[in-house]
Amino acid sequence: MSALRIFVPGDAGALAVGADDVAAAIAKAAATAGVSVDIVRNGSRGLYWLEPLVEVELPTGRVAFGPVSVEDVPSLIAAGLFEGRGERLFLGRTDEIPFLKAQTRFTFARCGIIDPASLADYRAHGGGVGLMRAAALPPAEIVAMVAASGLRGRGGAGFPTGIKWKTVLEAAGARKFVVANADEGDSGTFADRMLMEGDPFSVIEGMAIAGLAVGATRGYLYIRSEYPHAIARMKAAIATAGAAGWLGPDCAGTGRAFDIEVRVGAGAYVCGEETALLESIEGERGEVRAKPPLPAHKGLFGAPTAVNNLVTLASVPFVLSEGPEAYAAVGFGRSRGTMPIQLAGNIRYSGLFEAAFGVTLGELVKTVGGGTLTGRPIRAVQVGGPLGAYFPPALFDTPFDYESFAARDGLIGHGGVVVFDDTVEMAGMARFAMEFCAHESCGKCTPCRIGSTRGVELLDAMIAGREVVKNAALLEDLCDIMKFGSLCALGGFTPYPVMSALRHYPGDFGLAPAATAEKEIATWA
Amino acid sequence: MQDQAGRVAAIVERFRGVEGAALPILHAVQEALGYVPAESVPMIAAALNRSRAEIHGIVTFYHDFRDKPAGRHLVRVCRAEACKSMGSDQVAQGFEQALGIRLGETSPDGAVTLEPVYCLGLCATAPNAMVDGKLSGRLDGTKAAHLAAGLQP
């Protein structure tokens, strides 16, 4: 009889809440009981409020227990964990858990299911089909498929991936590059990390398809240093993929070369901006470049470069294997396909929810997310990371889509949703946005470098109650300059959290609600 | 110091021929020595055919690189929005009070460095901290104080 397979995630989010100890306790208990078990350290399913989520594989499918602490292990085993039975903490069949069942998992289809160290497991779950299909196609046809899928940049800018790849493919250059941006610095986002830890071969497959599509011979995967587990996992997976012939001088049997090298960031948030990221790979200060030239024309080391967010690249294998129509079939308006939405902060059901575009913010935080973890009323939701706007409950009807959020002076960014209850002080959050910008500014352009510091000073004055009306006008003026005068999104988007806080929560700044609201509409609508 | 110079030289040699080698070299130096000594800057500059000022500019741009060693223990507390929404202010205070130092400081005996970090990507198990490379989520002030108490001087 083969060993019983038990899954205990090795995902960093699960490790942070004790998954290693749980895995060790189960292994020890199994040895004592004389039960032969194979403990697989899978990625996370993305149901973080249930982590550590332990799954037991039965002939009929997988059943789950969670959140399991090391103290729970003896009683769970006594209640029948090895037979897939239980009462307390027993969740039944994993794929029947409503939070999972309600999702449309294209990009994260395998994450949390497979053993991320096993290429064989990846292939057994449909991995690699996209790369093999791409290997048999001329580059222009791969690009056409990606264009037809409607896939847009998941880093936040939402630029059509097919157009970017076409530009690189058609650009003249002795060599070309693919760069995967995994400098996932936005608070509230963890999709890149989860995918690298839970399904690393999908990242490699996406990068290899991109390489074949644009004619690049080398790919760089830039991972932030705050993700040591993802770095280790990706390095190991790249070695495995190379040994299997997916990478190297004969990429997937095409006779064309494609290699991937991991580069590690060094704690600079601004390096998530594509041109700063290129500077960083080149070994420079992570200062933003003025555009044009676009990286697609003149990117890494001056060569045509496709810089894509990691989730964008990992979405490509599905497009190739299932066809662009299948991807484009779901979505909302010009936002086609799915978005891995990350529900974080003060929310009851925290985790990753991959869904077709179009779900409203209210459905996300209330129906899917179950409201706040503290049980208090939701006061504000920040969408899109530290440069994203704060949305009050009055705007919860906003559909999750690039254009709908832009129309309400917000952005979806990389899909991070951070919920705050009614104890949050919004003037303090606005100050934090400016402080963060000052801390992370690369210093290249004046509106960001100086403006952020002046913004902190203005907000300090307002919080102290000094000349609030006059300073609010100055703050609006400053935000206007930062928004339109900064070189990149760091200075350019910091006004989003600041102005949304001021507009929707004027009382927190010592302003009379009505007057500010009217003034806001005049200047920022 | 001689030993340090030798180790930096070996690292620089290891990355010969790598395009854009500055960050990989600086990471390797910091991993080997615990910081990037000022004395290593001219060596790295010479190897990369850059000026000392340029290398200094690169080292000081990135928050990760230290100009002196950290404490024997390194505590990094997330101070970004998702952790703030779940009370990271109390977690930071818990560490500060238990260790007797403020964020950004190293204890006088060199035992512990306490510093902020802006997102560990564990936003769904907030608030978080990383203690000597080990992650801890769903913290509060009491748990933070407990983690701090567990650090050997």
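Residues numbered from 1 in each chain as written. Chains lettered and ligands numbered in written order. Predicted model: local features only at pLDDT ≥ 70, side-chain atom pairs only at ≥ 80, totals over all residues. Heavy atoms only, no water.

Novice: When you look at the overall build of chain A in this model, what are you seeing that I'm missing?
Specialist: Helices and strands together make up the secondary structure of chain A, namely 22 helices and 16 strands. For chain A, the C-alpha radius of gyration of 24 Å lies close to 24 Å, the compact-globule estimate for 525 residues. Across its three principal directions, the C-alpha atoms of chain A cover 75 × 60 × 40 Å. By the burial criterion, 61% of the 525 residues in chain A qualify as buried. Side chains of chain A carry 46 positive and 56 negative charges; the gap between the two charge centres is 3 Å. (Helix = DSSP H or I, 4+ residues; strand = E, 2+ residues; numbered from the N terminus. Rg over C-alpha atoms; globule rule 2.2 N^0.38 Å. Buried < 20%, exposed > 50% of the residue type's maximum accessible area, 1.4 Å probe, protein only. Lys, Arg positive; Asp, Glu negative; His and termini not counted. Charge placed at Lys NZ, Arg CZ, Asp CG, Glu CD.)

Novice: What is the right way to read the nonpolar core from this model?
Specialist: Side chains of nonpolar character tend, in soluble globular proteins, to be buried together. All names here are of chain A. Trp165, Leu221 and Leu320 are the most contacted members of the largest nonpolar core, which totals 158 residues. It is helix H10 (residues 200–214) that contributes the most residues to this core, ten residues altogether. Contacts of leucine 221, omitting those with residues within four sequence positions, involve Ala180, Ala182, Val203, Met207, Met234, Ile260, Glu261, Val262, Arg263 and Leu310. (Core = buried A, V, L, I, M, F, W, Y, C linked by side-chain atoms within 4.5 Å. Contact = heavy atoms within 4.5 Å.)

Novice: What is the right way to look at the interface of chain A and chain B in this model?
Specialist: Where the parts come together, the accessible area they lose is often given as the size of the interface. Contact with chain A, which involves 62 residues of that partner, is made by 38 residues of chain B. When the area that chain A buries against chain B is broken down by residue, the three leading residues are Ala266, Arg285 and Phe432 of chain A, summing to 16%. Linking chain A to chain B there are two salt bridges. Among the salt bridges present, the one from arginine 175 of chain A reaches glutamate 19 of chain B, with a minimum N-O distance of 2.6 Å. In this assembly, chain A and chain B are joined by 27 residue pairs in polar contact (both at pLDDT 80 or more). It is helix H17 (residues 426–440) of chain A that contributes the most residues to the side of chain A that touches chain B, five residues altogether. (Buried area = accessible area lost by both parts, 1.4 Å probe. Salt bridge = Lys/Arg side-chain N within 4 Å of Asp/Glu carboxyl O. Polar contact = N/O pair within 3.5 Å; in protein donor to acceptor, adjacent residues only side chain to side chain.)

Novice: Before we go on, may I ask you to explain the side chain of glutamate 354 of chain A in this structure?
Specialist: Residues and elements named next belong to chain A. Within the secondary structure, glutamate 354 is located in strand E13 (residues 351–356). Within the buried set, glutamate 354 has no salt-bridge partner at all; the shortest N-O distance to an opposite charge, 4.9 Å, is to arginine 105. If sequence neighbours within four positions are ignored, glutamate 354 has contacts with Gln103, Thr104, Arg105, Phe106, Thr107, Phe108, Thr338, Met339, Pro340 and Ile341.

Novice: When you look at the domain arrangement of chain A in this model, what are you seeing that I'm missing?
Specialist: Residues and elements named next belong to chain A. Partitioning chain A into structural domains gives domain 1 (4–97), domain 2 (119–328), domain 3 (331–421) and domain 4 (426–524). The C-alpha centroid of domain 4 is placed 35 Å from the C-alpha centroid of domain 2. Counting residues at the interface gives ten residues for domain 2, matched by seven residues for domain 4. Broken down residue by residue, the surface that domain 2 buries against domain 4 is led by Tyr269, Val270 and Val288, which jointly contribute 62%. (Domains from an automatic or database assignment.)

Novice: When you look at the packing of aromatic side chains in this model, what are you seeing that I'm missing?
Specialist: How two aromatic rings sit relative to each other is set out by the distance from centre to centre and by the angle between their planes. All names here are of chain A. The full count for this structure, using the stated rule, is 23 aromatic pairs over all chains. Relative to tyrosine 496, the ring of phenylalanine 493 lies with its centre 5.3 Å away and its plane at 80°, an arrangement referred to as edge-to-face. Judged by relative accessible area, tyrosine 496 falls into the buried class, the value being 13%. An aromatic cluster of at least three residues, connected via ring pairs, comprises Trp49, Phe99, Tyr349 and Phe353. Across the ring face of phenylalanine 7, the terminal group of arginine 62 is positioned such that the distance to the ring centre comes to 3.5 Å. The ring of tyrosine 227 is capped by arginine 224, whose NZ or CZ atom sits 4.9 Å from the centre of that ring. (Phe/Tyr/Trp six-rings, centres within 6.5 Å; stacked < 30°, edge-to-face > 60°. Lys NZ or Arg CZ within 6 Å of the ring centre and 35° of its normal.)

Novice: Explain the UniProt feature "binding site: [2Fe-2S] cluster" (unreviewed entry) in chain B to me, please; I cannot follow it from the model alone.
Specialist: The feature "binding site: [2Fe-2S] cluster" (unreviewed entry), as annotated in UniProt, sits at Cys78, Cys83, Cys119 and Cys123 of chain B in this numbering. A maximum C-alpha distance of 9.6 Å among these annotated residues, which run over 46 residues, shows that they cluster at one spot. With respect to the element layout, cysteine 83 of chain B can be found in helix H5 (residues 81–84). Apart from residues no more than four positions distant in its own chain, cysteine 83 of chain B is found in contact with Cys78, Ser88, Ala126, Pro127 and Asn128 of chain B. Among the structural elements, cysteine 119 of chain B can be located in the loop between strand E3 (112–117) and strand E4 (129–131). The residues touching cysteine 119 of chain B, leaving out its near neighbours within four places in the chain, are Gly185, Asp186, Ser187, Gly188, Arg224 and Glu226 of chain A together with Cys78 and Ala80 of chain B. (UniProt positions renumbered as here; feature names shortened; annotations may be inferred.)

Novice: Explain the side chain of glutamate 440 of chain A here, please?
Specialist: Relative to the helices and strands, glutamate 440 of chain A is located in helix H17. Within the buried core, glutamate 440 of chain A has no salt-bridge partner, and the shortest N-O distance to an opposite charge, that of arginine 224 of chain A, equals 8.1 Å. Among the polar contacts listed, one links the side chain of glutamate 440 of chain A to the side chain of histidine 439 of chain A, at a separation of 2.9 Å. Side-chain polar atoms of glutamate 440 of chain A contact the side chain of histidine 63 of chain B, separated by 3.3 Å. Leave out the neighbours within four places in its chain, and glutamate 440 of chain A touches Gly267, Ala268, Tyr269, Val270 and Leu490 of chain A together with His63 and Tyr118 of chain B.

Novice: Help me understand the pattern of salt bridges, please; the structure alone is not making it clear to me.
Specialist: If the charged atoms of two oppositely charged side chains come close together, the side chains can form a pair. Residues and elements named next belong to chain A. By the definition in use, this model includes 40 salt bridges over all chains. Arginine 110 is the partner of aspartate 199 in a salt bridge, and the nearest nitrogen-oxygen pair spans 3.1 Å. In this pair, aspartate 199 is assigned in the loop between helix H9 (191–198) and H10 and arginine 110 in the loop between helix H4 (98–101) and helix H5 (119–124), connecting sequence segments 89 residues apart. Note that arginine 193 and glutamate 197 form a salt bridge whose closest N and O atoms lie 2.8 Å from each other. Highlighted residues: arginine 193 and glutamate 197, both in helix H9, separated by four residues, approximately one helical turn. As far as the burial class goes, arginine 193 and glutamate 197 line up, both buried. Each of Arg5, Asp38 and Glu57 takes part in a single network of salt bridges with overlapping partners.

Novice: Which parts of the structure should I look at to understand unusual backbone geometry?
Specialist: Residues apart from glycine generally show negative phi values, whereas peptide bonds are mostly found in trans. Residue glycine 66 of chain A is joined to proline 67 of chain A through a cis peptide bond whose omega torsion reads -10°. With respect to the helices and strands, the residue proline 67 of chain A is situated in the loop between strand E4 (61–65) and helix H3 (73–78). The phi angle at alanine 252 of chain A is positive, at roughly 50°, despite the residue not being glycine. Looking at the element boundaries, alanine 252 of chain A is found in the loop between helix H11 (228–243) and strand E8 (259–264). Its identity as a non-glycine residue notwithstanding, arginine 138 of chain B has a phi of 50°, on the positive side.

Novice: In this structure, what is going on with the state of the cysteines? I would like to understand it.
Specialist: What makes a disulfide is a covalent bond joining the sulfur atoms belonging to two cysteines. A complete count under the given rule lists zero disulfides over all chains for this structure. Just so you know, cysteine 271 of chain A is unpaired, no disulfide at all, and the nearest cysteine sulfur is the one on cysteine 442 of chain A, 8.8 Å from it. The thiol of cysteine 123 of chain B is unpaired, and the distance to the nearest cysteine sulfur, on cysteine 119 of chain B, comes to 3.7 Å. (Disulfide = S-S within 2.5 Å.)

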